[in-house]
Amino acid sequence: MLEPLRQGLPPIDPSAVSGSATCTLPACYEAVGGARRFTRKTLSSWGLDDRFDDVALVVSELVTNALRHALPGDSAPDFQEPLVRLHLMRWSSRLVCAVRDPSQESPVASEAADSAESGRGLFLVESFSDSWGWHPSPALGAENLNSAAPRGKVVWALFRLSDN
């Protein structure tokens with residue numbers, strides 16, 4: 001999941017992760033609030049309370065996009081398999097928020113009309129993070145990567161942390 005995060009930044013050693021946390025989210029919009037609470041608790045435990053506002057905004061947008069665009073329209077609320085997962089990973093100088101979902105569709109940043117009530121999520125992600133992107137991933141819950149299970153995607157945002 002980390003390989004596509006390089007994008008012109010100095011290499012990072014995946015084994016040097018100083019913290020990581022994962023949260024599975026239900027297929028309902030109340031999951032956005034749960035993702036924010038999970039983010040607050042995780043950042044607080046890492047001593048990154050000062051980054052909460054920007055990171056939580058990005059997490060909210062990524063989770064909302066996953067729920068709005070990636071879930072099947074007839075998804076039952078009691079679906080057994082978690083469809084969306086939030087991953088937070090920390091290194092000494094970087095924080096990555098990644099949201100996995102089952103959709104194979106690439107996220108597309110588009111310009112929303114001034115009167116539109118939605119459509120600005122990826123613009124906000126781009127504005128509040130240092131970089132963002134996406135890449136295909138194995139289907140959620142797929143134990144065998146060679147299986148015929150459908151693939152999903154990971155949409156991620158990277159934040160540079162100050163070296164203290």
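In what follows, the structure referred to is the one given above.
Residues numbered from 1 in each chain as written. Predicted model: local features only at pLDDT ≥ 70, side-chain atom pairs only at ≥ 80, totals over all residues. Heavy atoms only, no water.

A.B. asks: Provide a residue-level description of the overall build of the protein, including the pertinent values.
C.D. replies: For the protein, the helix and strand inventory stands at three helices and five strands. Along the protein, from the amino end to the carboxyl end, the secondary structure elements read β-α-α-β-β-α-β-β. Per-residue burial for the protein yields a buried fraction of 43% across its 164 residues. The contacts of the protein with a sequence gap of at least 6 include a subset with a gap of at least 24, amounting to 70%. With the model as given, the accessible surface of the protein reaches about 9300 Å², and the carbon-plus-sulfur share is 49%. (Helix = DSSP H or I, 4+ residues; strand = E, 2+ residues; numbered from the N terminus. Buried < 20%, exposed > 50% of the residue type's maximum accessible area, 1.4 Å probe, protein only. Contact = heavy atoms within 4.5 Å. Areas by Shrake-Rupley, 256 points an atom, 1.4 Å probe, with all protein chains shown as cover.)

A.B. asks: Lay out the pairing of strand β1 (residues 19–25) in plain terms, naming residues and giving numbers.
C.D. replies: Side chains Gly 19, Ala 21, Cys 23 and Leu 25 of β1 all project onto a buried face; the interleaved residues Ser 20, Thr 22 and Thr 24 project onto a face where none is buried. Relative to strand β2 (residues 84–90), β1 runs antiparallel, the two sharing seven bridges. Considered in β2, the bridge of Gly 19 is made with Arg 90. (Pairing = 2+ DSSP bridges.)

A.B. asks: For helix α3 (residues 121–128), give the residues involved together with the corresponding values.
C.D. replies: Residues of α3 that are buried include every one of Gly 121, Leu 122 and Val 125, and no others. Looking straight down α3, one finds its buried side chains confined to an arc of 95°; they lie on one side. (Arc of directions from axis to C-beta.)

A.B. asks: Talk me through the environment of Arg 37; I want residue IDs and the actual numbers.
C.D. replies: Its location among the elements puts Arg 37 in helix α1 (residues 31–45). With 19 residues separating them in the primary sequence, Arg 37 and Ala 56 have C-alpha atoms 8.8 Å apart.

A.B. asks: Tell me about the pattern of salt bridges, residues and numbers included.
C.D. replies: Pairing is possible between side chains that carry opposite charge, provided their charged atoms lie close to one another. Enumeration according to the criterion identifies one salt bridge in this entry. Close ionic contact of Asp 101 with Lys 153 constitutes a salt bridge, the shortest N to O distance being 3.0 Å. Pair noted here: Asp 101 is in strand β3 (residues 94–101) and Lys 153 is in strand β5 (residues 152–160), with a separation of 52 residues, a long-range link. The pair formed by Asp 101 and Lys 153 is uniform in burial state, with each residue classed as buried. (Salt bridge = Lys/Arg side-chain N within 4 Å of Asp/Glu carboxyl O.)

A.B. asks: Residues and numbers for the side chain of Glu 61, please.
C.D. replies: The residue Glu 61 is located in helix α2 (residues 52–70) in this model. With no salt bridge to any partner, buried Glu 61 finds its closest opposite charge in Arg 68, at an N-O distance of 6.5 Å. Here Glu 61 is in contact with Gly 121, Leu 124 and Val 125, once residues within four sequence places are set aside. (Lys, Arg positive; Asp, Glu negative; His and termini not counted.)

A.B. asks: Got a sec to walk through α1? Specific residues and values, please.
C.D. replies: Between its first and last C-alpha, α1 extends 21 Å over 15 residues, near the 21 Å set by a 1.5 Å rise per residue. Just beyond α1, the residue with positive phi is Gly 47, at close to 70°. (Expected span 1.5 Å × (residues − 1).)

A.B. asks: Which residues make up the sheet that holds β1, and what values go with them?
C.D. replies: Note on sheets: strands pair through backbone hydrogen bonds, and any given pair is parallel or antiparallel. Strand order in the open sheet formed by five strands is β1-β2-β3-β5-β4, and the pairing between neighbours is antiparallel. Whereas interior strands pair on both sides, the edge strands pair on one side only; in this sheet they are β1 and β4 (131–137). Direction aside, the axes of adjacent strands within the sheet are offset by 15° on average. Pairing geometry for β4 and β5, over seven bridges, is antiparallel. The residue bridging Ser 131 from the neighbouring strand is Leu 158, located in β5. (Axes fitted to C-alpha atoms, helices over the stretch in contact; angles between N-to-C directions.)

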